[in-house]
Amino acid sequence: MPIRHFTAHNFRCLENIELDADREYNLICGPNASGKTSVLEALAYLGRGKSFRGAATTDLIRHGEQEFVLFGQVEAGERQAKVGVRNSHEGLEVHVDGEVDGGAAALAAVLPLQIIDPDVHNLVGGAPEQRRRYLDWIAFHVEPGFLDAWRRFRRALKQRNAALKSGAAVATIDGWNAGFVEFAGRIDRGRRQALEIVTRGLEEAGQDLVGSEVGFVYQQGWNEDKALLKALEDSMERDLQQGSTQCGPHRADLKLMYDSRRARKLVSRGQQKLLACAMILAATATAQTALERPLLLLLDDPAAELDSDGLQRLMHRVVNLGCQVVATSLETELRFFPEAATVFHVEHGDLKRIG
Ligand SMILES: Nc1ncnc2c1ncn2[C@@H]1O[C@H](COP(=O)(O)OP(=O)(O)OP(=O)(O)O)[C@@H](O)[C@H]1O
Ligand SMILES: [Mg+2]
């Protein structure tokens, strides 16, 4: 049971809400614009330190207020943790058991979660960055040193790009290459290991959700036939022209294949949604196994874009995953969701338990 007790203050339309979550299934229902997605967004913010809708802090703070505050009692395996987040125009403040400064990574470690929302199909059809983030999330939970490698790589990339932009001498830019290559290699290895584990789950989930063979093709971000150092040397002219490093793990992509063809180009919106759900459920299962505890899964209007058969397949798989689920629905029930779910009603930003 990842989250037990949750409160949100001045987050979007939610002035003050309190949610005592069921350890398995929770349903938040209410009419349009009542605050359902806002509740999920607040929960997700507590585990990520950012909005899954890509919203800026100013848009998240309730109109006319100065800050929002979120708090959760979380079960992280054997450990009980108190997690708090405050965000104002002065910036984000994170507390985990009274400790400050851990930032978003501390939140992600204590409250790991995944989200399926009506835009989830973008994971398949959208830009590579989303799929890199997807893969890095798995690697973060599966590979203990991944976060450190990732932070160091970001720093090396920033420094190399700054040198390229400032028109520094080639020798100066080359000076950044050794660190860049070392951390890039660690990221690439971490990603490949994560991919190996998640692929098994993806194949199974894909078969179950779309009845086809589904797999990943990983592109590391530079020519597979070249060592990264050589690729960097060869692209120096292009890097100087562009003022940024053109090859490396920040250019990686993870292509989703559907019956041996690129899913992005082929499948319908509903199929893209089911494929993206297969990716997310496989990632959730992978992290749950690695962490040996249930994760939080947020489902925002899961019925959107899906026919009855698709929704049934999705919900069946969700229920068998063994995670804690918080789902939203316009109605007081959600088809194929367990009847034993705890039900909350939200209206004008006010949340009440009704069943
Ligand atoms: N910063 C804010 N302060 C106050 N209200 C806000 C803020 N941001 C958004 N809102 C309002 O919150 C309301 C609830 O939005 P939300 O997206 O949570 O609704 P919903 O119940 O998910 O609706 P739908 O069924 O259409 O998906 C909307 O009316 C929106 O305009
Ligand atoms: Mg909504």
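The residue count restarts for each chain, going from 1 along the sequence in the order it is written. Whichever chain is written first is A, and whichever ligand is written first is 1; the rest continue in order. For this predicted model, a pLDDT threshold of at least 70 governs which residues receive local features, and a threshold of 80 or more governs which side-chain atom pairs are given and counted, while totals over whole chains, interfaces and linings are taken from all residues.

Counting its regular elements, the chain contains 13 helices and 15 strands. A globule of 355 residues ought to have a C-alpha radius of gyration of about 20 Å, and the chain, at 21 Å, matches this closely. Across its three principal directions, the C-alpha atoms of the chain cover 65 × 50 × 35 Å. Per-residue burial over the chain gives 43% buried out of 355 residues. Contact between two residues is assigned whenever their backbone-derived C-beta positions fall within 7 Å. Here the contacts in the chain between residues at least 6 apart in sequence split such that 72% fall between residues at least 24 apart. Numbering of helices and strands runs from the N terminus; a helix is a DSSP stretch of H or I covering at least four residues, while a strand is a stretch of E covering at least two. Throughout, the radius of gyration refers to the C-alpha atoms, and the reference size of a globule is 2.2 Å times the residue count to the power 0.38. Buried residues are those with 20 or more other C-beta atoms within 10 Å of their own C-beta, exposed residues have 12 or fewer, and partly exposed residues lie in between; C-beta atoms are placed from the backbone.

What follows is about the sheet that holds strand E11 (residues 261–262). The pairing of strands in a sheet comes from backbone hydrogen bonds and takes either a parallel or an antiparallel form. Pairing between two strands is assigned when DSSP locates at least 2 bridges connecting them. Ordered in space as E9-E10-E11, the 3 strands form an open sheet in which the pairing is antiparallel. Looking at the sheet topology across the chains shown, the edges are occupied by strand E9 (214–219) and E11. Pairing analysis gives 2 bridges linking strand E10 (residues 253–258) to E11, with the strands arranged antiparallel. Each bridged residue has a counterpart across the sheet, and for Tyr258 the counterpart in E11 is Arg261.

Here 6 strands make up an open sheet; going across it, the order is E8-E12-E13-E3-E14-E15 and the pairing mixed. What marks the edges here is a single partner per strand, and that holds for strand E8 (113–116) and strand E15 (350–353). Averaged over neighbouring strand pairs, the angle between their axes works out to 20° when direction is ignored. Of the strand pairs in this sheet, strand E14 (residues 342–347) and E15 are connected by 4 bridges, and their pairing is antiparallel. Note on E15: the bridge partner recorded for Val346 is Leu351. Axes here mean lines fitted to C-alpha atoms, for a helix over just the part in contact, with angles spanning 0 to 180 degrees between N-to-C directions. Along the sheet, helix H12 (residues 269–291) contacts E8 and strand E12 (296–299); its crossing angle with E8, the most-contacted strand, is approximately 165°.

Moving on: helix H1 (residues 36–48). Each helix should span, by expectation, one fewer than its residue count multiplied by 1.5 Å. For H1, which comprises 13 residues, the first-to-last C-alpha distance of 18 Å matches the rise-based estimate of 18 Å (1.5 Å per residue) to within 8%. Gly49 occupies a position one or two residues after H1 and carries a positive phi of about 70°.

The next subject is the site of ligand 1. With respect to spatial proximity, 15 residues lie near ligand 1, and among them Cys13, Ala33, Lys36, Thr37 and Ser38 are the closest. Broken down by element, the shell around ligand 1 gets its largest block of residues, 3 residues, from H1. Note on residue classes: Ala, Val, Leu, Ile, Met, Phe, Trp, Tyr, Cys and Pro are nonpolar, Asp, Glu, Lys and Arg are charged, and everything else, Gly too, is polar. Of the residues contributing to the shell around ligand 1, the split by class is 4 nonpolar, 7 polar and 4 charged. Nearness rests on one distance test: the residue's C-beta atom, set from the backbone, must lie within 6 Å of the molecule or strand.

Below, the discussion takes up the packing of H1 against helix H3 (residues 103–110). A pair of packed helices can be characterised by two numbers: the angle between their axes and the separation between those axes. Two elements in contact, H1 and H3, have axes whose closest approach is 6 Å; the angle formed by their N-to-C orientations is 110°. Of the possible angle classes, the one that applies to H1 and H3 is roughly perpendicular. On H3, the residues that touch Leu46, Gly47 and Arg48 of H1 are Ala104, Leu107 and Ala108. Counted by class, the contact of H1 with H3 contains 4 nonpolar, 1 polar and 1 charged residues. An angle below 35 degrees is read as roughly parallel, one above 145 as roughly antiparallel, one from 65 to 115 as roughly perpendicular, and any other as oblique.

With that settled, consider the packing of H12 against helix H13 (residues 308–321). Contact geometry of H12 with H13 gives a least axis separation of 11 Å together with a crossing angle of 5°. Comparing their axes, H13 and H12 come out roughly parallel. Here H12 contributes Gly270, Leu274, Cys277, Leu281, Thr284 and Ala285 to the contact with H13, which in turn contributes Gly310, Leu314, Arg317, Val318 and Leu321.

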